[in-house]
Each structure stands twice: as C-alpha cells, then as structure tokens.
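Results of the structural survey
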Amino acid sequence: MTQTIAPRVRTLVLLLLAAACVLLAGAGPASAHAALTGSDPREGAVVDKAPAQVSLTFSESVSMDDDSLRVLDPKGERVDDGKPSGTGGTTYTVKLHAGLPDGTYTVTYQVVSADSHPVAGAYTFSIGAPSETSVSVYGTEAGGGVVGWLYGLGRYLSYAGFTVLVGGAAFVLACWPRGSGVRAVQRLVVSGWLTLTAATLVLLLLRGSYTRSGQFGDVFDLNLLGEALQTKAGAALVSRLLLLAAAALFVAVLFGAYDKREDEEKRDLTFGLAVGGTVVAAGLAATWAMSEHASVGLQAGLAMPVDVVHLLAVATWLGGLTTLLVALYRAPADTPVAASAVRRFSRVAFGSVVALVVTGTYQSWRQLGSWTAFTDTRYGQLLLAKIGLVAVLVGIAYLSRRWTAQLADAVPAITRQREKEQVGASGGHTSEQATATEDVTAADDLTATEDVTATEDVTATEDVTATDDLTATEKVTAAEKTSQTAKGSGTTEASGTANGSEKASGTPNNPDRASGAAHGPDRASGAANGSGASQRAAQLARQRAAVDAARQKRQRDADPHRFGLRRSVLAEAGVAVLLLAVTTVLTQTEPGRTEEEAEAAGSSSASASAPSAGAVTLDMPFDTGSQNGKGVVRVELDPDRVGANDMHLYVERPNGNAFDIPEVKVAFTQEAKDIGPLPVVPDHITTGHWSASGVQIPMAGDWEVAVTVRTSDIDQVTVSKNAQIG
C-alpha cells in the first residue's frame, strides 16, 4: 500500500509547488502601497509661467534620496536641483532651475513607502504650450524584472520557513514530546530554520536593487546594501537574523537535552522551552508586523500586535499540520505518532483557526474600508480567494477530526498485539540468557579445552535461537552451520581429553608434546569458529530486527483509520501550500482602502485639470493681512448648470504653490431674486484642494460667488466674484 501511495504523494507535491510558483510569477511587481494623490503642477496642466518647484503628495509618508524625484525637459535633461525635501506631512517638493523655456516637462518619482514597498511613476505638465518630448513615461514601475521575482520568491520562502520552524517546534512541545527524538521531525524543523535564514540573507542582498535600479548586477553593490541597512525594512531583516541565532539555540536544546531526558524530566523543561520559544517566535513575527502593512495606516499601534498574533496562529496551524504529515509518513515503526498527539493537535489547530478569524476580520476591515473593495480592488479579490482556501482547509480539517476519533479506538488493539509480541520475544531472550549462564557456570572448573567447548555450545545455542523467526531457507542454513560447528567441537574435545590423560600419567615425552603442539591449531580453529559464529549471530539478530520493524510498519499502514488520516492531512497540506502563496501575493498588493483613495484623488485631479466646456472658473486673490496670508483661491463649478454641480476649490500662494489653510467656505447669492446666501462647506482632498459634490443651483442667472478664507485663528477675509451660471 505504501509503495502505491509514494508516487501519488510526489505528484501531488509537485503539482502544488507548480501552482504556488504560478501564483508568485503572476504577482508581477509589488503594487505601490503609497499612492500619488496630488501634484503641483497637476498632471497634464498647462501653466502660463514656469513654476519655481514641483510638489507631490502621497497617501502616506515615503522615503527619498537625491534621485527619487526628477524633472526632465523635452530633451530629457534634468532641470531640478536634485534635493527633494518634505514640506510636512506627505507632501514632497523639489526646486526647479530658473527661466525654464516653454515646452512639455516630465516628472518622474521612485520612492519607498512606509510599509517598505517601492513606488514609481511619472506624469507630464507643460509651460506655455505642449510640445514634443523625448522622455517616455511608460515602464516606470518599481519592483519588477528578475530582481522583483526573486524578491517575491524570497518572501514566500521566508514565510514557509517561519511556518515550519515555529509550527514544528510547537507541535513537538505541545502535542508530541516523543517526536523530539524522531529524525524526520528533526530534519523538518531544522530545514525550516535553514530556509528562513537563507531567505532573509537573500532578501537583504536584494533589497537595495529591489527598491532602486531593479538591476541584478546591483545585488552585490555594497553602497546599496549599506543604504538598505539604514531603512526600516533593512533593520527588520537584521533583527530577524539575530533572532534566528536565538532560535538555533532553542532548536539545539529541543532536539538535544530535551530529547535525552525521561518523560518526567521533560515536563520541567517543557515550560521553559515554551516560554523562550514563544518570545523568539513573537519576535520573528514582529519583524514582519513592524515593517509592512500593519505598521502604517489606521490604528498602527493596535494593528502590529494583532498582526503578530495572526502570524503565530498561521504558523502553529499550518506548521503543525506539516509536522503531523511528516510524522504520519516518515516516523519509524517503533515510534509512531500517537492518537493522543493527534487529538491534542486538533484542539491546538481549532484555537489557531479562531485566532485567525478574529485577527483576519480586523485586518480586512482595516485594509479594505468598504464592502465594494472586495470586488472592485485586486487586494479584495485576493482576500476573497484566501478566505475561500481557508474555508476549504477547515472543511478538510473536519474530516481529519473524524479520522482522529476513529483512530483512537483502533490504535490500542495494535498496541496490545505488539506488547504480546514483545513479551514473547522477551521470554525467548531470557531463556537464551539462562542457557548461556548455565553453560558458563558449568565451565568454571573445566580445563582450557573444556572452556572452548562450552563457548562453542553457547554459540550453537545462540545460532539456533536466532533463527526462530527466520524463513525456512535461513533456518536450514543456520542448522548446517551449527552442525559443522558441533562436529569441529567434538573433535577438539576428544583430542583435548587424550592430552589430559597423557598429562595425568606423568609421562610427558616429546611425541606427546608434539601431539599437544599439533592440537594448538585445533584450539585456534575453534576460537576462530566461535568468533565467526558470534558475528553470524549478530547479523542474524539485525536481520530479525529489520524483519520485525517491517512487520510493525505493515501493521501500522494496514490500519484503515490511520490511512484515511494520512490522506486527509496530505490534502490539508496541499491547500496550505496554495494558501501561503496567496498570502505572499497579498502582502505585495496595494490595500483596497489605499487604491480607492488614490482613484478618488486621481479622478478629482483629472476633472480639475480638464474641466468641461461648460465649467466656470473664477480666480480670486486674497490677503488676510497676516504673515503668509496672501494667495489666490480658484473656484471651478462643473457643469455650470441649474441643478447639481461639482465644485472644486484650489488655494495657491502667489508663486503658484499649493498650500493648506485652516478653513475655507463658499456661498452663492443671487441678489436680483433675493436668493441666498447658499452656504457650501467643501471637503479637504489634498494639499490646497477642496471639493464638494451635488452643489445645487436653483435657477439660472448672475450669481455672486463669495469665498471666505481663514489663514489663522483670527485672520480671515472674504473675496467674491460674479459669474453667469446656467
């Protein structure tokens, strides 16, 4: 039965690994987790005079270097000073050269978001009038190419190694302490540690090229490596390596001192290992939580510990499942995984699933923000796939629990049968020992020749006893060897007796001595035969042990309940491989909440930069009389008709740079019809940009549009203009 299962197992594992590779390959470059929500000048804008600087606003804070933000003229030459700086919050600016000629300019940016993912993009604006440009804005995606694919694979392997390391150790400590001495389990946990360590080192080497050039040749650039070490993600990877050193010590104790202790002594050491292992595992999980999605956005202080619990629950469940699978297939016949260990793991897995549901629900709300994001964003679609795989995994786990319940009734019968066999074998062995003892006792007062004879008798007895459980052919062969040994022993004994008589007569002549010397080779031959017989007995004992182990393994595999459990656990492990791949892709995808906010900001920017033919635009300078109290407020009403309209309001300094003010309000009044004022309070969108939808204009006519601008707690002014609306 086992021989037919092995090819199926290999085929299934290869298929699942191939599916995981397809998911990772199809993930593409890491999606931007910080989105560009605003810019000045805006994308596609045509300005009358050259701006003094270019400003970009992102949905979250980003990190920049001297080449992160560049402005190129139509010939592709840089026209910025190469020193981008933050103006506060999430807005970053770069100064431009003075006296720029008319034409189309390209703004390119490549930054690293706060959750450690690269963000890149480009757009154009024009001075005076659009012109031809040699700069291409396509293909400016970060984290792509071979380096991006290798980085994604490294992330997957790091998650897999963490899962196997933590889950395997937890399975041994909490469910199956005897598993610490099983070589297959030891290899599995150590392989998890090696995989996580190697993947972390690879990610550290790839980090600089992944966030910058994307070229494989820059992987070993020491300058990029040094810069990567100074980032939050680099510090997290270094911390992970230090924690892995502590994890290596934990694994050494678990499979060393812990395994060598008796069951009673293990209980005292289990508590210390459990506490230390939990601290190390939580620290490893925190290296992800403190550098990725959970570290930015809403409620980051709560999201990070929730993410740690989520990762630990995943590792305990899926890693323990992998260890159980290895134990069911690879554990030796004399140390099979007990039904009690399977039942304990079933309870641990149930607790892990509960923790996953609770923490996963919170993370979903935090990253999506709305029900529509489940279907309208790629993050939501991947999350639905993950939820589906978890549901399938829970369903298969339910079947495994049923097999476990039946396994509890079947194992004691096999155990009793093995105990009977061991008792029988023990009785036979005791008889052999008694026979040998009697022979040795009887030989205490004999001559040297009789000692050899007694030894040969014991050897013959052991040979006959060792053949009890062998096949008929082996028994015949052993009998022939025993007969030959007995014949040789008899000849030697007769010769020895004759020599003894000669010695007793007191006539030791030269022929007798020669005869005694002639018997010397017989004694040597008898000793050699005794040594060879002992080696044959040892070999036969090893063969008997191998036959017994094979018989026990066949009995174990013949148990239909254990066979069913092995199949269901194998199916669970297969789904877990796909689940881990989807999770890896999910961590590289822009959260749904960020994607929707970026789309909203982009649509408002597009509508502002390209108003419809019927839109009305009003520019009104203002001066509140305070420092930095001068500027221009622009009101755009689209589509300039009776009924609902969209209103966009922009506040700029005299040099054209957008800036925020504490408060801005708009009022519409038609004095001829004594209508108004109709107040409108727009919503703040991004730096210097407010908007309001559904602004109702009740009738056509000449309307006064008044804007109240407040630049401090006490400084404000109201400016107005008239416009024909409708």
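Thresholds, definitions, all that
- Residues numbered from 1 in each chain as written.
- Predicted model: local features only at pLDDT ≥ 70, side-chain atom pairs only at ≥ 80, totals over all residues.
- Heavy atoms only, no water.
- Helix = DSSP H or I, 4+ residues; strand = E, 2+ residues; numbered from the N terminus.
- Buried < 20%, exposed > 50% of the residue type's maximum accessible area, 1.4 Å probe, protein only.
- Contact = heavy atoms within 4.5 Å.
- Areas by Shrake-Rupley, 256 points an atom, 1.4 Å probe, with all protein chains shown as cover.
- Patch = residues over 30% accessible without salt bridge, like charges linked within 9 Å, V, L, I, M, F, W, Y side chains within 5 Å.
- Salt bridge = Lys/Arg side-chain N within 4 Å of Asp/Glu carboxyl O.
- Lys, Arg positive; Asp, Glu negative; His and termini not counted.
- Charge placed at Lys NZ, Arg CZ, Asp CG, Glu CD.
- Expected span 1.5 Å × (residues − 1).
- Pairing = 2+ DSSP bridges.
- Axes fitted to C-alpha atoms, helices over the stretch in contact; angles between N-to-C directions.
- pLDDT = per-residue confidence, 0-100.
- 1 Å grid on protein atoms, 1.4 Å probe; cavity = no way out; pocket = protein on both sides within 12 Å on 5 of 7 lines; lining within 4 Å.
- Points joined across faces, edges and corners; volume = space filled by probe spheres on them.
- Nonpolar A, V, L, I, M, F, W, Y, C, P; charged D, E, K, R; others polar.
- Phe/Tyr/Trp six-rings, centres within 6.5 Å; stacked < 30°, edge-to-face > 60°.
- Lys NZ or Arg CZ within 6 Å of the ring centre and 35° of its normal.

It is worth spelling out the overall build of the protein at this point. Regarding its fold elements, the protein presents 16 helices and 18 strands. Counting over 726 residues, the protein shows a buried share of 46%. The contacts in the protein between residues at least 6 apart in sequence include a share of 70% that link residues at least 24 apart. Accessible surface, the protein: about 35,100 Å² in total, of which carbon and sulfur atoms supply 58%.

Quick look at a negative patch on the surface now. Taken together, the side chains of Glu262, Asp263, Glu265 and Asp268 present a region of like negative charge at the surface. One can find Glu262 in the loop between helix H6 (257-260) and helix H7 (263-289).

A word on unusual backbone geometry. The peptide bond linking Asp40 to Pro41 adopts the cis configuration, its omega dihedral lying at 0°. Take Pro41: it is sitting in the loop between strand E1 (36-40) and strand E2 (46-47). In this chain, Gly676 is followed by Pro677 through a cis amide linkage whose omega measures 5°. On the secondary structure map, Pro677 appears in strand E14 (residues 675-680).

To continue, consider helix H8 (residues 300-330). Between its first and last C-alpha, H8 extends 43 Å over 31 residues, near the 45 Å set by a 1.5 Å rise per residue. Burial of H8 is extensive: 24 of the 31 residues sit out of reach of the surface.

Our focus in this paragraph is the sheet that holds strand E3 (residues 53-58). Pairing within the open sheet is antiparallel, and its four strands lie in the order E1-E3-E7-E6. Each of the sheet's edge strands pairs with one partner strand only, and the pair in question is E1 and strand E6 (85-86). Sheet topology note: the E6/strand E7 (residues 91-95) ladder contains two bridges and is antiparallel. Within E7, the residue paired with Gly86 across the bridge is Tyr92.

Turning to the sheet that holds strand E17 (residues 701-710), a few remarks are in order. Taken in spatial order, the four strands of this open sheet run E14-E13-E17-E18, and their pairing is antiparallel. Lying at the two open borders of the sheet, with one neighbouring strand each, are E14 and strand E18 (716-725). Within the sheet, the average angular offset between the axes of one strand and its neighbour, ignoring direction, is 20°. Where E17 and E18 come together, 10 bridges link them in antiparallel fashion. Bridge pairing in E18 links Trp703 to Ala723.

A separate point is the side chain of Asp307. When you line up the elements, Asp307 lands in helix H8. Although Asp307 is buried, it makes no salt bridge; Arg366 carries the closest opposite charge, 7.9 Å away. With near-sequence residues (within four places) excluded, Asp307 lies in contact with Trp288, Ala289, Ala294 and Gln363.

In low-pLDDT segments, the atomic positions of the prediction should not be examined closely. Of all residues in the protein, 72% have pLDDT values of 70 or greater, and the mean over the chain is 75. Taken together, the stretch residues 12-16 has pLDDT below 50 and engages in four contacts with residues farther than four places along the chain or on a different chain. Predicted confidence is poor over residues 19-32, with pLDDT under 50, and the contacts of this stretch with residues over four places away or in other chains come to 40 contacts.

By secondary structure assignment, the location of Thr669 is in strand E13 (residues 663-670). When sequence neighbours within four positions are dropped, the list of residues in contact with Thr669 reads Ile675, Gly676, Pro677, Asp702, Trp703 and Glu704.

Computed from the structure, the second largest pocket encloses a volume of approximately 780 Å³. If you trace the second largest pocket, you find 34 residues lining it, with His310, Gly360, Gln363, Leu383 and Lys386 closest to the centre. The biggest single contributor to the lining of the second largest pocket is helix H9 (residues 339-368), with nine residues. Of the residues contributing to the lining of the second largest pocket, the split by class is 20 nonpolar, 10 polar and four charged.

Right, let's talk about empty space enclosed by the protein for a bit. Taken as a whole and judged by the stated rule, the model has three cavities of 30 Å³ or more. In this model, the largest cavity occupies a volume close to 120 Å³. Elements with a minimum of two residues in the lining of the largest cavity: helix H2 (145-174), helix H3 (183-211), helix H5 (232-254) and H7. Element by element, the count of residues in the lining of the largest cavity is highest for H5, at four residues.

In this section: the pairing of E13. Counting buried residues along E13, six of its eight residues qualify, which places the element largely inside the surrounding structure. Two elements, E13 and E17, share seven bridges in a ladder whose sense is antiparallel. Residue pairing across strands places Phe668 opposite Val705, the latter belonging to E17. Alignment of E13 against E14, held across four bridges, turns out to be antiparallel. Paired with Val666 across the bridge in E14 is Val680. Once E13 ends, the chain turns through four residues before running back antiparallel as E14, passing Asp674 with a positive phi of about 55°.

On to a nonpolar patch on the surface. A contiguous nonpolar patch, built from Leu229, Val238 and Leu242 and spanning about 250 Å² of accessible area, is present on the exposed surface. Take Leu229: it is sitting in helix H4 (residues 222-229). Given a relative accessible area of 39%, Leu229 falls into the partly exposed group.

Next up on the list: the packing of aromatic side chains. Under the criterion given, the structure shown has 10 aromatic pairs. Look at Tyr151 and Tyr210: their rings are 3.9 Å apart centre to centre, the planes differ by 5°, and that puts the pair in the stacked class. Residue Tyr151 is found in helix H2, and its partner Tyr210 is found in helix H3; the two are separated by 59 residues along the sequence. Taken together, Phe58, Tyr92 and Tyr109 form an aromatic cluster joined through their ring pairs. When the ring centre of Tyr650 is taken as reference, the NZ or CZ atom of Arg42 above it lies at 4.5 Å. One residue, Arg653, lies across the ring of Phe659, its end atom 4.1 Å from the ring centre.

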